[in-house]
Amino acid sequence: MEFSTQTTAGLHQLRTAALGVGVFADGVLTPAAEALDMAAGGAIKAVVKSDFKGKANTHVVLRQLSGIKAERVIVVGLGKQKSYNAGAHAAAEQTFANACIGLDVNEAVSTLSSVECEGTSLRSRSRALALATLRATYRYDLTLSKDVEPAPRLKKITVWTSRANANEAKQGLHEGQAIGNGVNLTRLLGDMPPNLCTPTYLGETAKKLAKEFKTLKVEVLNRKQIEAEKMGAFLSVANGSDEPPVFIVLRHSPKGAKTRGKAPIVLVGKGLTFDSGGISIKPAANMDEMKYDMCGAASVLGTMRAVAELELDREVIGLVASCENMPSGRANKPGDVVTSMSGQTIEILNTDAEGRLVLCDALTYAERFKPEAVIDMATLTGACVVALGHVNSGLFTKDDALAEALVSAGREAGDTAWRMPLEDAYQEQLHSRFADMANIGGMPAGSVTAACFLSRYTTSYRWAHLDIAGTAWKSGKDKGATGRPVPLLVQFLLSQTGE
């Protein structure tokens, strides 16, 4: 996909297959729409008065308007002017991108980034356009024997802006393209069937990224190496499957980063490429969606790809602990006690609470990097879906500054998170008579006690946990991975480098 800027003053002179302009729900035309309307003898206002109400997520296509050289003008509804914000703008860009795909055009120009709204900049609005376009062009066809629908023809999107603002728009487009590429990698890995996207495949994906980007270095630990690290909790989950586990260490080390004295930021992802529940087996209905239990791992790889493409001036390390959770004669049993890498013992009361067993050893491994902060992401609990639905990811941390930075990044990226409680009083639910802790705390506050479990392995550094069980994928007719929380994470990392 090619992204560029257009600084021609006369919009009506632009030759393009599709030109996007905005209209508010109260009938107010944006400056770009006003300019085209004047050139077209009031054609846009006439449509607004008669048919088009300017509601959010709607559009109308006007073809071959007199006085306008663009083949089509796509009028996009922006919703109410008084509530137009970053989210509304991102939705408008998504509507425009989707319309371009539906019209099967190969290039288009958008003026929507020129519409100012509170809490945004031209850079962030241009970033939203690039991300929306790449989301719209994503297609899963890896395991289809024939094309269900043709691949999108859209190859170029241009932002209309002033010459003075062109560099700012270009910066936003570059960032959006990198984030979009990371999001789509995450979506692809999530959407792949679990017999193909195995732990070994995730390891190979990390190696390919390291070959593609010179700032990335990778190490993929095999079972013997994981055993040497004494990751007993992680291995207890992996033992039930014939698929070998892997532990991925992917490092983005830009030139000179270590000499600048900043400790790395570590991202940790849960990589259960399939979760049957183990001996505590899940119900059959919708169990196929447990291929998405590796979306935390996929998000780490997608974020690392974006970081490398952006050549971010900060050392970032991605850790992925990946295996399957399957029932077998070697699998964990309820009542087993295992010893984690930290030396703490865990009584397994439910083998379907396996993600925290995998993550706890990865979080212990992260200590060796003396990190500035560690952020883990995992499709960890159904309880988080009950609490927050599919709108916000659950954010757990005791560090107020880290919480505010992540919430703010999510808000700016349109990939929101909601801070959840993490008081010590919840820790009592993890009490065990036979080990240092149990791996579940019962029904009450299930997402909170899961985070409390992880917190016991993070005492030596700043840490935050993102429960993405409700946001990493969609079910039903729109079934598929979303690529969240890659936009949130990249925006957070950009903010940490002052970019």
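Novice: Sorry, what's going on with the layout of surface pockets here?
Specialist: Picture a little ball the size of a water molecule; that probe, rolled over the atoms, points out where space is still empty. Considering only enclosed or pocket space, the largest pocket measures out at about 1300 Å³ in volume. Residue lining of the largest pocket: 40 residues in total, with Arg135, Arg187, Lys474, Asp478 and Ala481 positioned closest to the centre. Those elements that provide at least two residues to the lining of the largest pocket are helix H3 (86–103), helix H4 (122–137), helix H5 (166–191), strand E18 (473–474) and strand E19 (480–481). Here the lining of the largest pocket is composed, by residue class, of 14 nonpolar, 11 polar and 15 charged. By volume, the second largest pocket amounts to about 840 Å³. Mapped by element, the contributors of at least two residues to the lining of the second largest pocket are strand E9 (265–275), helix H10 (355–365), helix H11 (382–388) and helix H13 (446–455). Here the residues of the lining of the second largest pocket are counted per class, giving 12 nonpolar, 13 polar and 8 charged.

Novice: Would you mind going over empty space enclosed by the protein with me for this structure?
Specialist: Per the counting criterion, the structure on display carries 2 cavities of 30 Å³ or more. Space inside the largest cavity adds up to approximately 40 Å³. In this structure, the second largest cavity occupies an estimated 30 Å³ of space. Every residue along the wall of the second largest cavity is listed here: Ala56, Asn57, Gly77, Leu78, Ala88, Ala91 and Ala92. Element by element, the count of residues in the lining of the second largest cavity is highest for H3, at 3 residues. For the lining of the second largest cavity, the residue count by class is 5 nonpolar, 2 polar and no charged.

Novice: Can you walk me through unusual backbone geometry in this structure?
Specialist: Excluding glycine, a negative phi dihedral is what most residues carry, and trans is how most peptide bonds are arranged. Along the chain, Arg484 connects to Pro485 via a cis peptide bond; the corresponding omega equals 5 degrees. Of note, Pro485 is situated in the loop between E19 and helix H14 (486–496). Phi is positive for Glu311, close to 55 degrees, though the residue is something other than glycine. Along the polypeptide, Glu311 turns up in the loop between helix H9 (295–310) and strand E10 (316–325).

Novice: Please explain the pattern of salt bridges as it appears in this structure.
Specialist: Working definition: two side chains of opposite charge can pair if their charged atoms are close together. A full pass over the atoms with the stated rule returns 23 salt bridges. The salt bridge involving Asp275 is made with Lys282; its shortest N-O contact spans 3.6 Å. With a closest N to O distance of 2.7 Å, Arg462 and Asp399 form a salt bridge. You can see Arg462 sitting in the loop between H13 and strand E17 (463–467) and its partner Asp399 sitting in the loop between strand E14 (393–396) and helix H12 (400–413), a full 63 residues away along the chain. Through salt bridges that share partners, Arg123, Arg127, Glu175 and Glu412 make up one connected network.

Thresholds, definitions, all that
Residues numbered from 1 in each chain as written. Predicted model: local features only at pLDDT ≥ 70, side-chain atom pairs only at ≥ 80, totals over all residues. Heavy atoms only, no water. 1 Å grid on protein atoms, 1.4 Å probe; cavity = no way out; pocket = protein on both sides within 12 Å on 5 of 7 lines; lining within 4 Å. Points joined across faces, edges and corners; volume = space filled by probe spheres on them. Helix = DSSP H or I, 4+ residues; strand = E, 2+ residues; numbered from the N terminus. Nonpolar A, V, L, I, M, F, W, Y, C, P; charged D, E, K, R; others polar. Salt bridge = Lys/Arg side-chain N within 4 Å of Asp/Glu carboxyl O.

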